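Chains, contacts and geometry: an overview
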Amino acid sequence: MVRAAAILAVLFALSACEPSVPDIVRSDSASRFPMPDRPVSEITANQFQTEDVRDSRGEAQKVMDLADISAGMTVADIGAGEGYYTVRLAERVGEGGRVLAQDIDRDALGRLGERIERERFDNVSIKLGKPADPQLPVDSFDRIFLVHMYHEVAEPYSFLWHLWPALTQGGQVIVVDTDRPTDQHGIPPLLLTCEFKAVGYRLVEFVEKPDIRGYFARFERADERPEPEQIEACALQG
C-alpha cells in the first residue's frame, strides 16, 4: 500500500506548463480551462471486461470495501456503461441509499435503463452526462466513482472542477485506473494526482491492486477550489 504522502512527496516530478495538445473543438463550459498537456484515450466499448471475469477476481467487492461503501450512502457512477458497478453499488447501499448512473453514451444508458428495470433496482437513477461537465447536483454524493474512464476525459480540468461541488462534506472521488500512458487507456498515478490537486482536491489514499487490474485512489475536496483561470496544466517531466 502506498499512502497519499508517498505520492505527494514526488509531485516535484510534475510541473505547470503551457499545453501542447492539437487544436480541438471545445465546449463553452470547457473553454475557460487549460487543455491537458497529454494525449487522451479514445472512448472504446463500454464493457471493460465481462462481468463474470471481473467478479471472479472480486473486483467490485474489493473496490467498494476500499471505498467504505455502506448502506444508506448516495453514490454516483460516472461512465457507468453497461452498469457493472451501478448494480453492485445499488445492492450495497440498499433501499435507504441512492445510485446515480451517468454516461455520455445514450445507447449504453438505454441498455442500462432496461437492465435496471428488468432487475428492479428502485434506488437507481440514470442521467446523460456531458464530456466537460457531469452536471451533478450540489452537495449530493458521499462517493463519486470514476472506474477505468478518467483517461478518456478530454477536458479533465473542466470535468473535475464541475465535479467538486457535488461532493457532500467528507465525500470522496474514487478512481480506479491503470498505470500506463494516457493514450493507452491508463494514467500514471503522479499525473492523476497532479491534475486533481490543480483543481482543488487532496489525495487521501493510493493502493496498487493487481487483482483489480490497476490501482485504487481516493480524493477529497481541498479547502478551496481555484478559479478556472488560475488552473495550470500538469505534465510529467521525462
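**Concerning the pattern of salt bridges**
- The final tally for this structure, using the stated rule, is ten salt bridges.
- The closest approach of N and O atoms between Glu-195 and Arg-38, which form a salt bridge, is 2.6 Å. In this pair, Glu-195 sits in helix 7 (residues 189–199) while Arg-38 sits in the loop between strand 2 (14–16) and helix 2 (51–56), placing the two residues 157 residues apart along the sequence.
- Arg-38 sits in the buried class, given a relative accessible area of 5%.

**Here we look at helix 6 (residues 156–163)**
- Most of helix 6 sits out of view: eight of its eight residues are buried.
- Every buried residue belonging to helix 6 is among Pro-156, Tyr-157, Ser-158, Phe-159, Leu-160, Trp-161, His-162 and Leu-163, and all of these are buried.

**Quick look at the pairing of strand 7 (residues 167–177)**
- Burial analysis of strand 7 places nine of its eleven residues in the buried class, the great majority of the element.
- Relative to strand 7, strand 6 (residues 141–147) runs parallel, the two being bridged by six bridges. By the bridge assignment, Arg-143 is partnered in strand 7 with Gln-172.
- You can see the chain leave strand 6, run along helix 6 and come back into strand 7, and the turn it takes is right-handed.
- Alignment of strand 7 against strand 9 (residues 214–221), held across six bridges, turns out to be antiparallel. Across the sheet, residue Gln-172 finds its bridge partner in strand 9, namely Glu-220.

**A few points about the packing of helix 4 (residues 84–93) against helix 5 (residues 106–119)**
- The contact between helix 4 and helix 5 brings their axes to 11 Å, and the two run at 30 degrees. With respect to their mutual orientation, helix 4 and helix 5 come out roughly parallel. Once helix 4 is placed against helix 5, the crossing between them reads as right-handed. Taking contact as the criterion, the partners of Tyr-84, Thr-86, Val-87 and Arg-88 in helix 4 are, on helix 5, Leu-112, Arg-115, Ile-116 and Glu-119.
- Class assignment for the residues of the contact of helix 4 with helix 5 results in four nonpolar, one polar and three charged.

**Observations concerning the side chain of His-151**
- Relative to the elements of secondary structure, His-151 occurs in the loop between strand 6 and helix 6.
- Owing to a relative accessible area of 2%, His-151 belongs among the buried residues under this scheme.
- Here Asp-177 takes part through its side chain, which lies 2.9 Å from a polar atom of the side chain of His-151.
- If near-sequence neighbours (up to four positions away) are discounted, His-151 is found in contact with Arg-38, Val-40, Ser-41, Asp-177, Thr-182, His-185 and Gly-186.

**Details of the packing of aromatic side chains**
- All chains considered together, the criterion is met by seven aromatic pairs.
- The interplanar angle of 15 degrees and the centroid separation of 3.9 Å between the aromatic rings of Phe-196 and Phe-219 together place this pair among those described as stacked. A residue pair is termed long-range when its members are at least 10 positions apart, and Phe-196 in helix 7 and Phe-219 in strand 9 qualify at 23 residues.
- The exposure class assigned to Phe-196 is buried, which follows from its relative accessible area of 0%.
- Through successive ring pairs, a cluster of aromatic residues spans Tyr-150, Phe-196, Tyr-201 and Phe-219.
- The cationic tip of Arg-221 hangs over the ring face of Trp-164; the distance from NZ or CZ to the ring centre is 4.9 Å.
- The ring of Trp-161 carries the charged tip of Arg-225 above its face, separated from the ring centre by 3.6 Å.

**A word on the environment of Val-75**
- Inspection of the secondary structure assignment puts Val-75 in strand 3 (residues 74–78).
- For Val-75, a relative accessible area of 0% puts it in the buried group.
- With sequence-adjacent residues up to four places away left out, Val-75 is seen in contact with Ile-69, Leu-89, Val-93, Arg-98, Val-99, Leu-100, Phe-141, Arg-143 and Phe-145.

The rules behind the values
Residues numbered from 1 in each chain as written. Predicted model: local features only at pLDDT ≥ 70, side-chain atom pairs only at ≥ 80, totals over all residues. Heavy atoms only, no water. Salt bridge = Lys/Arg side-chain N within 4 Å of Asp/Glu carboxyl O. Helix = DSSP H or I, 4+ residues; strand = E, 2+ residues; numbered from the N terminus. Buried < 20%, exposed > 50% of the residue type's maximum accessible area, 1.4 Å probe, protein only. Pairing = 2+ DSSP bridges. Right-handed = clockwise from strand over helix to strand, strands pointing away. Axes fitted to C-alpha atoms, helices over the stretch in contact; angles between N-to-C directions. Parallel < 35°, antiparallel > 145°, perpendicular 65-115°, else oblique. Left-handed = near helix turned anticlockwise from the far one by under 90°. Contact = heavy atoms within 4.5 Å. Nonpolar A, V, L, I, M, F, W, Y, C, P; charged D, E, K, R; others polar. Polar contact = N/O pair within 3.5 Å; in protein donor to acceptor, adjacent residues only side chain to side chain. Phe/Tyr/Trp six-rings, centres within 6.5 Å; stacked < 30°, edge-to-face > 60°. Lys NZ or Arg CZ within 6 Å of the ring centre and 35° of its normal.

These figures come from the coordinates and say nothing about function on their own.
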